[in-house]
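Here's the letter readout for the chains.
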Amino acid sequence: MSGNENISIIGSGTMGHSIALSIGLAGLDVMVWGNNQDDLERGKRGFLEKLEVLHRYEVIDTQEAKQIKERVLFTDVLEECIREATFIIEAIPEMLELKQEWFQKLDQLCGPETILASNTSGLSPSDIALHTSHPERTVVTHFWNPGHLIPLVEIVRGKDTSDRTVERALDLLKKMNKKPIVVQKEILGAIGNRLQYALFREAQYILEQGAATMEDIDTAVQYSIGRRLSITGPFISADMGGLDVFESISSYLFPDLSTGQTSLTAMKSCVEAGRYGQKNGAGFYEWTPSFSKKMNEERERELIEWLKKDLNER
């Protein structure tokens, strides 16, 4: 089976069509299922817009863009989507009961050798597979948004996930030019989100203490650890800085770090006021149309430069 997976995606939303683009970019075929024609049209539109950006930034040429369009097919007929599938990636809303229903359905419709992978960012693969007859073929493959630009994919195994399932997931993700890691046991938030939210909690705490503005806190991350951590993760950074130094700093700094068990005041105030961020025009920052366009373009441009670098290193 290795190297010959027939890939299907359940869900044509932001993550579904982004993952599909990543698959097509790697020269693989994929079928994407959408709930209805409206969902499919939005998914196709998002897919084509992202494909055009890659073309504009010269990640792909005109011929490659045409080939990718031919590799990624969309349908609202479930049976058509999964008929030949050997590896299914679920990318539906983050609701446990909904995912359980879908995995139970897919478990019944697909042969026992078909891998059922969830793109959940935090739910338990064991819980998702609870009502299936073959929990050994269920696994989490957590792609990071934007799915076609961020290389990391976290493979999270459930208590019944087989070694063969993990091996096939690793094999496929490497063929997709991703950087997969294996989370050997279920842990809330996996790896990336635990690290991301530890940083976010401390950022909120520094703001609440009045030690710096949110703009300066963001700048501190962007122009220091944000630059360095793209090359050296926390353990390599510690080794390079000297473990004696890191141990000494840890001994006096750890006790002063935030141990907050919930979001802190500024975050709660925003949510209570209905300020949800970019999605509705205001959060910590004011998301005017021009600011939103600027930040999205800057993030996209930076991630595409990294994508080019990654593709050149293959």
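Focus: the overall build of the protein chain
1) Next: On a plain count of helices and strands, the protein chain comes out with 13 helices and 8 strands.
2) Next: Relative to the 2.2 N^0.38 estimate, which gives 20 Å for 314 residues, the radius of gyration of the protein chain is 21 Å and therefore close to what a compact globule would have.
3) Next: In terms of principal-axis extent, the alpha carbons of the protein chain reach across some 60 × 45 × 45 Å.
4) Next: Out of the 314 residues in the protein chain, the part that is buried amounts to 39%.
5) Next: At a minimum sequence separation of 6, the contacts of the protein chain that also span at least 24 residues come to 67%.
6) Next: Entry remark: accessible area of the protein chain is about 17800 Å², with carbon and sulfur atoms responsible for 54%.
7) Next: For the protein chain, the centre of its 35 positive side-chain charges and the centre of its 47 negative side-chain charges are spaced 3 Å apart.

Here we look at the nonpolar core
1) Next: Among the nonpolar cores identified, the biggest contains 42 residues, and Ile9, Leu54, Ile60, Ile68, Val72 and Phe143 are the most heavily contacted of them.
2) Next: Element by element, the count of residues in this core is highest for helix α1 (residues 14-25), at 6 residues.
3) Next: Counting residues in each nonpolar core, the second largest holds 15 residues, with Ile88, Leu106, Cys110 and Leu116 among its members.

Side note on the pattern of salt bridges
1) Next: Summed over all chains, the structure comprises 17 salt bridges.
2) Next: In this structure, Arg157 engages Asp163 in a salt bridge whose closest nitrogen and oxygen atoms are separated by 2.7 Å.
3) Next: By relative accessible area, which is 14% here, Arg157 ends up buried.
4) Next: As a salt-bridge pair, Lys159 and Asp160 come within 3.2 Å of each other at their nearest N and O atoms.
5) Next: Here the salt bridges share partners, and the residues they tie into one network are Glu5, Glu113 and Arg168.

As for the environment of Glu302
1) Next: Examined against the element boundaries, Glu302 turns out to sit in helix α13 (residues 289-312).
2) Next: Glu302 sits 103 residues away from Leu199 along the chain, and the two C-alpha atoms are 21 Å apart.

About the cut-offs
For every chain, the first residue of its written sequence is number 1, and the numbers climb from 1 along that sequence. Given that this is a predicted model, residues contribute local features only at a pLDDT of at least 70 and side-chain atom pairs are listed and counted only at 80 or more, while totals for whole chains, interfaces and linings are drawn from all residues. Processing note: side-chain calculations cover all non-hydrogen atoms of the structure and skip hydrogens and water entirely. Each helix corresponds to a stretch of at least 4 residues labelled H or I by DSSP, and each strand to a stretch of at least 2 residues labelled E; elements are numbered beginning at the N terminus. Atoms considered for the radius of gyration are the C-alpha atoms alone. The globule rule reads 2.2 Å times the number of residues to the power 0.38. Relative accessibility decides the category of a residue: with a 1.4 Å probe and only protein chains considered, values under 20% of the type maximum give buried, values over 50% give exposed, and everything between is partly exposed. Throughout, a residue-residue contact means that at least one pair of heavy atoms, one from each residue, lies within 4.5 Å. For accessible areas, the Shrake-Rupley method is used with a probe of radius 1.4 Å. Any residue's cover is judged against the shown protein chains and nothing else. When charges are counted, Lys and Arg are positive and Asp and Glu negative, with His and the chain ends excluded. All charge positions are set by atom: Lys at NZ, Arg at CZ, Asp at CG, Glu at CD. Nonpolar cores are built from buried Ala, Val, Leu, Ile, Met, Phe, Trp, Tyr and Cys residues. Side-chain atoms within 4.5 Å join them into one set. What counts as a salt bridge is simple: a side-chain nitrogen of Lys or Arg found within 4 Å of a carboxyl oxygen of Asp or Glu.

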